[in-house]
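# Structural description and commentary
Here's the letter readout for the chains.
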Amino acid sequence: MLRKSNREVLSKLSELGNEIYAEIERGEFPRIRIPSRTTSNIVFDEELGQFVLGDQRSLRSAANIKQIRSLTQLLWVASFAKRLVLEGKSSTLRDLYYHSLNYGIKFREQTESDDTVTDLETLLGEPREGFNIFPKERSAIFGDLEIEYTTPETHKGRRVNLGSNPDGVMVGLSVAQADFLSCKADKVFVIEKNAVFRRFIEERVYDKFNAILIDTAGQAPRLARLLIRRLNQELGLPVYLLTDADPWGMHIAMVIIRGSANAAHLRDLTTVRAKWVGLWATDIKRFNLPSFPLTKLDEERIRLLEEDMRYRDFEWQSELQEFKKTRRRAELEAFSAHGLTAIVDKYLPKKLKMIEEN
Amino acid sequence: MSREKFQSISAADFFYRNREIAGFDNPVRATYTIIRELVENALDACEQYSIPPDVRTKLIGEGNSIYRIRVEDNGIGVPYDQVPYAFGQILFGSKYMLRQSRGIFGLGGKMAVLYGQITAHSSVKVLSSTGGFEKYFYELNINVQENKPIVRRKEVTPNPGRWRGTIIEFSFEGDYVRAKPKVVEYFRQTSILLPYANILFIDPDGTLYRFDKITDEMPKPAETVKPHPYGVDLEIVHRMINATRSSTMVDFLVNNFHRVGAATAINFLKEAKISQNANPRTLDSKELLRLVNKMKEFDGFQPPDAQCLSPIGEELLKKGIIREFRPEYVAVTQRGASAYAGYPFIVEAAIAYGGDIPITPQDEMLVFRFANKIPLLYDLHSDVTMKVIKKINWQRYRLDLGSMPLAFFVHICATKVPYKTVGKEYIADRPEVEYEIEWALKTCARDIRAHLAKKEKADIVQRRLSVFERYLPMIANFSTELAGNGKPPDYEKVLRRVQAHAKEVEQRSLVEAE
């Protein structure tokens, strides 16, 4: 999928170059219109079940003294992206920022070059991973899944089983872009926390539940979200999300399902059919878990989520109401109070059953 | 009269005993004052007759702190028989008439001569001619007790070249080494105000300071006017009555006072309860006092007019400043005539920006003050100009005295300059004078602000242009790379559009500024 988009990215980039080139030749001021990413232009798309950008466009014109610099920056990032894709190399946002210093393109600080990369994503409608710019990776995958690398050139054609490393395999570009050869698992568990991820490996959850395990280490990075989506779409595996029982944990699940507002300019990152199995607010009572009072910040976050379009479904709203009522939160590790294996032996089967029945 | 006798004895004696009040209190100050007084007399001798001044001054060290000064001018010259009195008797030539000149009574020059006689036992040598067939040489001393000139030697020689002017030379005890900074500054500042004068100074070190004229234009000379009733005191009126040939009070007022006609005189005398036909000489002291007091109160007099003044004028002031500082911009203004206490005066001011003007800290700003074309070099911080500068809110004119290269010039011309001291050093803060200076400087400040705004606009246009010149080639290159084309597009066409736009903006701002 990414390889396909690489080719698309290349053709979009040269289309952009041709337009600008032609404008200059005609003696016109080159200009680009980019979908605006201001909050007023971020709307919820019912069909896609995620945030998308509306019709507003913002202008980057060489005729405007205030815009000519950012237009130049955008075109530089575009030409940098083209080189990356053509040469099959990758870069990070930080790396790109340092490269810019070589070209006399002045970014005041890295946030400015990061924003320009987002501009290019918006303009092309492609995530930056499509033109080989990646954030720092921290998510990991473990399970009986055989893959074949497609990048980089040095590893092309090599095969690896993702169950081979008991620490899990880091989800980087190569894993996210790999071809799936064979998979014996029939579901995916996505876990917010590395400690629980490790417990699952130690407790042979992959075996007992025939599952692939993914550790998002907090809010899921884009490559992890891409991989989750591919597992769901290409292999048809159901995806189950496990997070802490607090507004932050539930939002980690929500972003995997319906995407983030920050990435409203991107499609193909969401896994709408993924299921949040817990911990729910109601699980605290249900499983008699040790809990803590909500902080002020937690309560404010809950108020914000209540008004969020992505949360208007009944189940999500009722969980938020439960938080408001009990004013308690709990972490995944809380199951340890009931013994090392409680989460695996008691909780998971019960919750999966609950979800199947719904 | 015994009174007269008492005066004539005391005049020379008085100044001898009180020489510090006229600026001779120590050798340093005396050196500066002597040079200044002689140069001023020389300049007056030219300007009052519309002769472009050519004044040469030479100071020679003779050892033991004795210096010989020689000042030569091309002025009107002193008539043969008046030379001894012009240089050898204090208070000679003091008429009760008013006009703008550097010194009112020519007192300073004679003080200088007297000082030389006292400190160096020097007689004064004068060579003068009014441009006729003869020139005449005098060697004089002053008899201090009797206030009379003593002629040591006199010679009359033919003047085949029709030379006209005066050369004065004498020795005095001084201290040039320490006076030098002020002396040089005096010549420099004098030349700022007199761009039509050749001024030359050779100092005892042999250094030549030369300020050549850059124009032949001169301001119109000041006309002599009678005193205005507001500006006289009991003593002056008393003397005028003694000198007058008028036999009635009406005639006396009309003949001796500035802008007083018969009707005004009659109205005034009614107010003062003095008979129109009274002989002025018969007034008793009570009537005389009433007359003078009423003169100050009566509001029916016409204000004094300014024909007796000789301001430099905006053009000449500008020229002088440009020659000295080569500034980026000069704002000049001349106020209309005003008056204080019956003395007419005119204020001229300028503010110069940039060029050779340095940026000075706020407490060392460049402020040049002139009164009747004399630069004032002492006591800046007591002067009314400084008071005004401190009062004005310069931020309103977008001027920052601490960070901008600014120089201020204020010239006040008056029949009587309101000096605070006899030493002609700084000007008192008379409200009328203060008001005129304030508005003159504010007018200049507005002009400077407009100039800076215009420049800023031009700078912005230029900066805009350079932004385009920087980014357009990059855009061209990146688009070439993206399109995979061989050579970059020709962006000159786009750049020309930017340049055309810049020119348009610039012209528009020029029109706006005018």
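Residues numbered from 1 in each chain as written. Chains lettered and ligands numbered in written order. Predicted model: local features only at pLDDT ≥ 70, side-chain atom pairs only at ≥ 80, totals over all residues.

A tally of regular secondary structure across chain B gives 13 helices and 14 strands. Across the 514 residues of chain B, 41% fall into the buried class. (Helix = DSSP H or I, 4+ residues; strand = E, 2+ residues; numbered from the N terminus. Buried ≥ 20, exposed ≤ 12 C-beta atoms within 10 Å, placed from the backbone.)

The next subject is the overall build of chain A. Helix and strand counts for chain A stand at 13 helices and 17 strands. For chain A, the proportion of contacts with a sequence separation of at least 24, taken over those separated by at least 6, is 71%. (Contact = placed C-beta atoms within 7 Å.)

The next subject is the packing of helix 2 (residues 68-87) of chain A against helix 12 (residues 431-483) of chain B. Axis separation between helix 2 of chain A and helix 12 of chain B bottoms out at 9 Å; the angle between their running directions is 25°. By the angle between their directions, the pair helix 2 of chain A and helix 12 of chain B is classed as roughly parallel. Considering the relative orientation of helix 2 of chain A and helix 12 of chain B, their crossing is left-handed. Contacts between helix 2 of chain A and helix 12 of chain B involve I68(A), R69(A), L71(A), T72(A), L75(A), W76(A), A78(A), S79(A) and K82(A) from the former and V467(B), F468(B), Y471(B), M474(B), I475(B), F478(B), S479(B), E481(B) and L482(B) from the latter. The residue makeup of the contact of helix 2 of chain A with helix 12 of chain B, split by class, is 12 nonpolar, 3 polar and 3 charged. (Axes fitted to C-alpha atoms, helices over the stretch in contact; angles between N-to-C directions. Parallel < 35°, antiparallel > 145°, perpendicular 65-115°, else oblique. Left-handed = near helix turned anticlockwise from the far one by under 90°. Nonpolar A, V, L, I, M, F, W, Y, C, P; charged D, E, K, R; others polar.)

With respect to the helices and strands, L75(A) occurs in helix 2. Residues L75(A) and L120(A), spaced 45 residues apart in sequence, show a C-alpha to C-alpha distance of 8.6 Å. Setting aside residues no more than four positions away along its own chain, L75(A) makes contact with I20(A), I475(B), F478(B) and S479(B).

Any two packed helices are characterised by the angle at which their axes cross and by the distance between the axes. All names here are of chain B. Two elements in contact, helix 2 (residues 27-47) and helix 5 (residues 176-193), have axes whose closest approach is 8 Å; the angle formed by their N-to-C orientations is 35°. Like other packed secondary-structure pairs, helix 2 and helix 5 cross with a definite hand, here right-handed. Contacts between helix 2 and helix 5 involve V28, T31, Y32, I35 and R36 from the first element and Y176, R178, A179, K182, V183 and Y186 from the second. In the contact of helix 2 with helix 5, the residues fall into 7 nonpolar, 1 polar and 3 charged.

Attention now goes to the interface of chain B and chain A. Counting from both sides, the interface comprises 22 residues of chain B and, opposite them, 23 residues of chain A. Elements that contribute at least two residues to the side of chain B that touches chain A include exactly helix 12 and helix 13 (492-513) of chain B. When residues of the side of chain B that touches chain A are assigned to their parent elements, the largest contribution, 14 residues, is made by helix 12 of chain B. A per-class count over the side of chain B that touches chain A returns 13 nonpolar, 4 polar and 5 charged.

A separate point is the sheet that holds strand 5 (residues 148-158) of chain B. Residues and elements named next belong to chain B. One open sheet holds the 8 strands; their spatial order is 5-4-3-6-2-1-7-8, and the pairing between them is mixed. The sheet terminates laterally at strand 5 and strand 8 (208-211), the two strands that pair on one side only. Pairwise comparison of adjacent strand axes, ignoring direction, gives a mean angle of 15° for this sheet. By the bridge criterion, 6 bridges tie strand 3 (residues 124-130) to strand 6 (residues 164-173) in an arrangement that is antiparallel. Looking at strand 6, one finds that V126 is bridged to I168. (Pairing = 2+ DSSP bridges.)

With 99 residues, the main nonpolar core has A350(B), I351(B), I412(B) and C444(B) as its most contacted residues. Per-element accounting of this core gives the leading share, 10 residues, to helix 2 of chain B. Formed by 68 residues, the second largest nonpolar core is a distinct cluster that contains V190(A), L226(A), I284(A) and Y347(A). (Core = buried A, V, L, I, M, F, W, Y, C linked by C-beta atoms within 7 Å.)

Okay, the pairing of strand 14 (residues 239-242) of chain A next. Residues and elements named next belong to chain A. The alternating pattern of strand 14 places V239 and L241 and Y240 and L242 on opposite faces, both of which are buried. Bridging between strand 12 (residues 187-191) and strand 14 involves 4 bridges; their strand directions are parallel. Bridge pairing in strand 14 places V188 opposite V239. The pairing of strand 14 with strand 15 (residues 275-278) spans 3 bridges and is classified as parallel. Looking at the pairing, Y240 lines up with K275 of strand 15. Handedness of the crossover is the feature at issue here: the chain leaves strand 14, passes through helix 9 (residues 247-258), returns alongside strand 15, and the resulting connection is right-handed. (Right-handed = clockwise from strand over helix to strand, strands pointing away.)

Looking now at the environment of D447(B). Residues and elements named next belong to chain B. With respect to the helices, strands and loops of the structure, D447 is situated in helix 12. Here D447 falls in the partly exposed class, since 19 other C-beta atoms lie within 10 Å of it. In this structure, the C-alpha to C-alpha distance between D447 and V330, residues 117 residues apart in sequence, is 8.7 Å.

Moving on to the pairing of strand 2 (residues 66-73) of chain B. Residues and elements named next belong to chain B. Only one face of strand 2 is buried, namely the one carrying Y67, I69, V71 and D73, since none of I66, R68, R70 and E72 on the opposite face is buried. As paired elements, strand 1 (residues 54-61) and strand 2 share 6 bridges and run antiparallel to each other. Bridge pairing in strand 2 places K58 opposite R70. In this structure, the hairpin formed by strand 1 and strand 2 is closed by a connection of 4 residues, where G63 is found at a positive phi of approximately 85°. Pairing analysis gives 8 bridges linking strand 2 to strand 6, with the strands arranged antiparallel. Paired with R70 across the two strands is E169, which belongs to strand 6.

Let us now look at the sheet that holds strand 10 (residues 169-170) of chain A. Residues and elements named next belong to chain A. Read from one edge to the other, the open sheet built from 6 strands follows the order 10-7-13-12-14-15, with strand pairing classed as mixed. In this open sheet, the two strands that pair with only one neighbour each are strand 10 and strand 15. Note that strand 7 (residues 140-142) and strand 13 (residues 211-215) share 3 bridges and pair antiparallel. The residue bridging I141 from the neighbouring strand is I214, located in strand 13.

Here we take up unusual backbone geometry. For the bond running from G278(A) to L279(A), omega is -5°, close enough to zero to count as cis. Structurally, the position occupied by L279(A) is in the loop between strand 15 and helix 10 (281-286). One non-glycine residue, H121(B), lies in positive phi territory at about 50°. Topologically, H121(B) is positioned in the loop between helix 4 (107-120) and strand 3. The phi dihedral of R162(B) is positive, around 55°, even though this residue is not glycine. In this structure, R162(B) sits in the loop between strand 5 and strand 6. Overall, R162(B) belongs to the exposed group, with 11 C-beta atoms counted inside 10 Å.

Moving on, we come to helix 2 of chain A. Along its 20 residues, helix 2 of chain A runs 29 Å from first to last C-alpha, staying within 8% of the 28 Å computed at 1.5 Å per residue. G88(A) lies just past helix 2 of chain A and shows a positive phi near 65°. (Expected span 1.5 Å × (residues − 1).)

As a further point, take the environment of N277(B). All names here are of chain B. Relative to the helices and strands, N277 is located in the loop between helix 8 (262-272) and helix 9 (285-297). Given 10 C-beta atoms within a 10 Å radius, N277 is considered exposed. Along the chain, N277 and S247 lie 30 residues apart, while their C-alpha atoms are 7.8 Å from each other.

Residues and elements named next belong to chain B. The predicted model of chain B averages 86 in pLDDT, with 89% of residues at 70 or higher. Segment residues 1-9 is flagged for pLDDT under 50; beyond a separation of four residues in sequence, or across chains, it makes 4 contacts in the model. Overall, residues 92-96 carries pLDDT values under 50, and its contacts beyond four positions in sequence, including any with other chains, amount to 10 contacts. Scored by ipTM, the complex comes to 0.72, with pTM at 0.61. (pLDDT = per-residue confidence, 0-100.)

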